[in-house]
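Single-letter residue listing:
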Amino acid sequence: MKYQTIAIHGGRKDDSGKGAVNYPLYLSSTFEQDNMTEFKEFVYSRGNNPTRKAVEELVAELEGAKFGLAYATGMAATSNVFDLLEQGDKVLLNNNVYGGTWRFVSNIFKRRGISYEIVDDFNTYDFSKVSQDVKAVFLETPSNPLLEVTDIRRVSEEAKKKGILVIVDNTFMTSYFQKPLDLGADIVVYSATKYYAGHSDILAGLVVLNDEALYEQLKFFQNTTGGILSPFDSFLLQRGIKTLGLRLEKHQANATAVAEYLNSHSAAEKVFYPGLKDNPGYLLQKQQASGNGGVVSFLFNEKEYDMERFVENLKLFGFTVSLGGVESLICRPATMTHESYDRELQEKIGIKQNLLRLAIGIEDTEDLIDDLKQAFAKAKK
Ligand SMILES: *Cc1c(COP(=O)(O)O)cnc(C)c1O
C-alpha cells in the first residue's frame, strides 16, 4: 500500500467487534486484568493506551518503520530522546534548529553535564576530527527558519563510522516527503502539532525508529517521565493523519506559488525555499525528499517598505508562531520562534530582524497571493 492508503487503512482496526471505521477512543486510565499473574496488553494508560497505541503503530507504518511513540508535545518527544544522553556526552547540532530545542540544549544540557557544538554546515563538516565524547548528531532539514538543506545520507554514513547516533527532527517534511530512517538516520522526531495533526487544535510529538533496543529504552523513559499523548489527542491526531498527504500537496503547491511571487517582488530582498531553483539546497532536497514543504521565509526590504504596516495589513495570514495547520500564518523568528537565541548568535547564523517566516496554509492560491499583494501595496514607503 502507498502512503495515503496507509494513512486511511493502516494501523489498528477496531477490535471491539462493532466495526467502527475509526479506531475507538479509550478514555480509561486503567484496565482490569483477568488474573493475578498474567497481565494483558493494556494495564495503565501512562504505560500503554489502545488509542495511543493505534496512532503509534500508524505513524511507524507510514514511515515503513518498526516502532512509533507518541508524546504530549514535540518537545516532550525531543526531551525523551535527549534522555538517552549521559553526563560527559556531547551532541552536534545544525545551526538553526527549532527555538525550543535550542532552549533545551543551551539550558538543560549544562545541568546534566552534557556539552554541544553548533555545526554551521554538516554537508562539509569533517567527521574524522570529532572527539570520542560525541554521542549524537541532532539535525533539522530543511532547517528552521532558514530552510537550509542537510545531506542526511552523508551525515549518517559519517556518523555511523564513529558510532554516533543520528537524530532528525523531520517536522517540516513529515514522512510524506522525507524518510530519514531510509537515508540512514537512527531516530526521527516530530512535532505532530504541525502537519500531522494539521488543524492547529492539539499539541503532539512523535518518535519513530527501527532499533529495538533504543525503542525499549525510549518506551521506558516515556512511561517513567510520563509525557504521553492523551487518548483524546491520539484520536484527533489519527484523524488528522487521514488527510496528511492531501494537505501537504496543497501546502506545497501554495508555498511554491508564494515563494515564486515573493522572488519576483521588490519587497523581498531574499527568499528562502528549497523548491526555488536558485536555492543552494535545491538539488540535494530533490535527491533526498519528494517535496519541499509549506514553509517559506524571506528578508523584508525595509528600505522601500514598512514591515509593520505589511504584517498588520495582511488579512489571511495570522501573525503568530507555529505552522502546519490549514490556515496561513506569518511570524518574525528573531523575536518569536527563535527568541531563545541571543542576538549575537542570531546575527551569526542569519536570523535577522527583517526575516519573516510564512507557514503556508491550504487556502486558494490566488487569495493568498492577492492578500500579500494588497499588504505590500499598503506598506510601500
Ligand atoms: C514546533 C516544533 C517543535 C516543538 O514542538 P511542540 O509540539 O511545539 O512541542 C520542534 N521542532 C520543530 C521543527 C517545530 O516546528
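Because the structure is a prediction, the values reported are computed rather than measured. (Residues numbered from 1 in each chain as written. Predicted model: local features only at pLDDT ≥ 70, side-chain atom pairs only at ≥ 80, totals over all residues. Heavy atoms only, no water.)

### Structural notes on unusual backbone geometry
It is generally the case that most residues other than glycine have a negative phi and that most peptide bonds are trans. Let me state the cut-off plainly: Each helix corresponds to a stretch of at least 4 residues labelled H or I by DSSP, and each strand to a stretch of at least 2 residues labelled E; elements are numbered beginning at the N terminus. Type-normalised accessible area, obtained with a 1.4 Å probe on protein chains alone, sets the label of each residue: buried when under 20%, exposed when over 50%, and partly exposed for intermediate values.
Omega for the peptide link from Thr-141 to Pro-142 comes to -10°, which places this bond in the cis form. Here Pro-142 lies in the loop between β4 (134–140) and α5 (152–161). Residues Asn-144 and Pro-145 are joined by a peptide bond in cis, for which omega reads 10°. Of note, Pro-145 is situated in the loop between β4 and α5. The phi angle at Leu-147 is positive, at roughly 55°, despite the residue not being glycine. For Leu-147, the location among the structural elements is in the loop between β4 and α5. Notably, Ser-322 is not glycine yet its phi reads approximately 90°, a positive angle. Tracing the backbone shows Ser-322 in the loop between β10 (318–319) and β11 (329–331). Ser-322 gets classed as partly exposed once you look at its relative accessible area, which sits at 25%.

### Let's talk about helix α2 (residues 50–62)
Which entries qualify depends on this criterion: Take the number of residues in a helix, subtract one, and multiply by 1.5 Å to get its expected span. Two residues form a contact once any of their heavy atoms are found within 4.5 Å.
The terminal C-alpha atoms of α2, which comprises 13 residues, lie 18 Å apart, in line with the 18 Å expected from a rise of 1.5 Å per residue. What α2 keeps buried is the set Pro-50, Thr-51, Arg-52, Lys-53, Ala-54, Val-55, Glu-56, Leu-58, Val-59, Ala-60 and Leu-62. Tucked inside the fold, the buried residues of α2 contact α1 (3–9), β1 (67–71), α6 (174–177), β7 (205–209), α7 (212–225) and α8 (231–241). A positive phi of about 65° marks Gly-64, the residue just after α2.

Such coordinate-based values are descriptive only and should not be taken to indicate function.
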